[in-house]
Amino acid sequence: MTMRVVLAIDDSPHARAATKSIIDHVRPDATTVHVLHVIELDRMLPPAVDFARGADYGAEVVARVDHSRDAAERLVASAAQQLHQAHFLTATAVAEGDPRHAILNYATEIGCHCIVMGSHGRRGFDRFFMGSVSESVVRHAHCSVVLIRLDRTDGHTVR
């Protein structure tokens, strides 16, 4: 039986550590890794999408979304290439929306056995106002979730 793993990434050291952790600790001959990035439209677009700014504003929004999708495709392709070089079977996906929901929906859709993701380790006001994607995924996932942290002092992976 092949294990299906969702590797949820962004463009951060935490996500790179999660990719490396899979390479270092998972058997490639028995695993397919689905590399997923979620485009957060709320973070990318202005807080108030004001279409009264003129006829070109809609085109500006579309251009931003297209640029973000291109960057996301390159990001997941890069991670998949690293995994492929380590002999993993890979698939890539880019979704749009709230990462909390998009990760869980994708994991359910493919029937994955485990979700692996980096933990940004937000605390205090950042965590209160922004919430924790990893915390939400851990609480609501139908499968196991592995969070990869970076040590705050030296940047090394802590499992």
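The coordinates are above.
Just so it is clear, the model here is predicted, and its values are computed rather than measured.

As a further point, take the pairing of strand E2 (residues 31-39). Where burial is concerned, most of E2 is hidden: nine out of the nine residues are buried. Both faces of E2 are covered, namely the face carrying Thr31, Val33, Val35, His37 and Ile39 and the face carrying Thr32, His34, Leu36 and Val38. Sheet topology note: the strand E1 (residues 3-8)/E2 ladder contains six bridges and is parallel. Looking at E2, one finds that Ala8 is bridged to Leu36. Handedness of the crossover is the feature at issue here: the chain leaves E1, passes through helix H1 (residues 13-25), returns alongside E2, and the resulting connection is right-handed. Here eight bridges tie E2 to strand E3 (residues 89-96), and the two strands are oriented parallel to one another. In the sheet register, Leu36 faces E3, and the bridge partner there is Ala93.

Direction vectors running N to C along helix H4 (residues 99-110) and helix H6 (residues 133-140) enclose 40 degrees, while the axes themselves pass 9 Å from each other. The orientation of H4 with respect to H6, classified from their angle, is oblique. H4 and H6 meet at a crossing whose hand is right-handed. Every residue of H6 that contacts H4 at Pro99, Arg100, Ile103 and Leu104 is listed here: Val133, Ser136, Val137 and His140. Grouping the amino acids of the contact of H4 with H6 by side-chain chemistry returns five nonpolar, two polar and one charged.

In this section: the nonpolar core. Counting 22 residues, the largest nonpolar core has Leu7, Ile9, Ile22, Val33, Val35, Leu83 and Val116 as its most contacted members. When contributions to this core are tallied by element, the ones reaching two or more residues are E1, H1, E2, helix H3 (57-85) and strand E4 (114-118). Apart from residues no more than four positions distant in its own chain, Ile9 is found in contact with Ala15, Thr19, Val35, Leu36, His37, Val38, Leu75, Val76 and Ala79. Listed in part, the 17 residues of the second largest apolar core include Ala8, Ala102, Leu104 and Val137.

Here His87, not a glycine, exhibits a phi torsion of approximately 75 degrees, which is positive. A residue is classified by how much of its surface remains accessible, and His87, at 64% relative accessible area, is exposed.

Turning to the pattern of salt bridges, a few remarks are in order. The final tally for this structure, using the stated rule, is seven salt bridges. Notably, a salt bridge pairs Asp29 with Arg27, separated by 3.2 Å at the nearest N-O pair. Considered together, Asp29 and Arg27 belong to a single accessibility category, that of exposed residues. With a closest N to O distance of 3.6 Å, Glu73 and Arg69 form a salt bridge.

How each quantity is defined
- Residues numbered from 1 in each chain as written.
- Predicted model: local features only at pLDDT ≥ 70, side-chain atom pairs only at ≥ 80, totals over all residues.
- Heavy atoms only, no water.
- Buried < 20%, exposed > 50% of the residue type's maximum accessible area, 1.4 Å probe, protein only.
- Helix = DSSP H or I, 4+ residues; strand = E, 2+ residues; numbered from the N terminus.
- Pairing = 2+ DSSP bridges.
- Right-handed = clockwise from strand over helix to strand, strands pointing away.
- Axes fitted to C-alpha atoms, helices over the stretch in contact; angles between N-to-C directions.
- Parallel < 35°, antiparallel > 145°, perpendicular 65-115°, else oblique.
- Left-handed = near helix turned anticlockwise from the far one by under 90°.
- Contact = heavy atoms within 4.5 Å.
- Nonpolar A, V, L, I, M, F, W, Y, C, P; charged D, E, K, R; others polar.
- Core = buried A, V, L, I, M, F, W, Y, C linked by side-chain atoms within 4.5 Å.
- Salt bridge = Lys/Arg side-chain N within 4 Å of Asp/Glu carboxyl O.

Nothing here speaks to function; it is all geometry.
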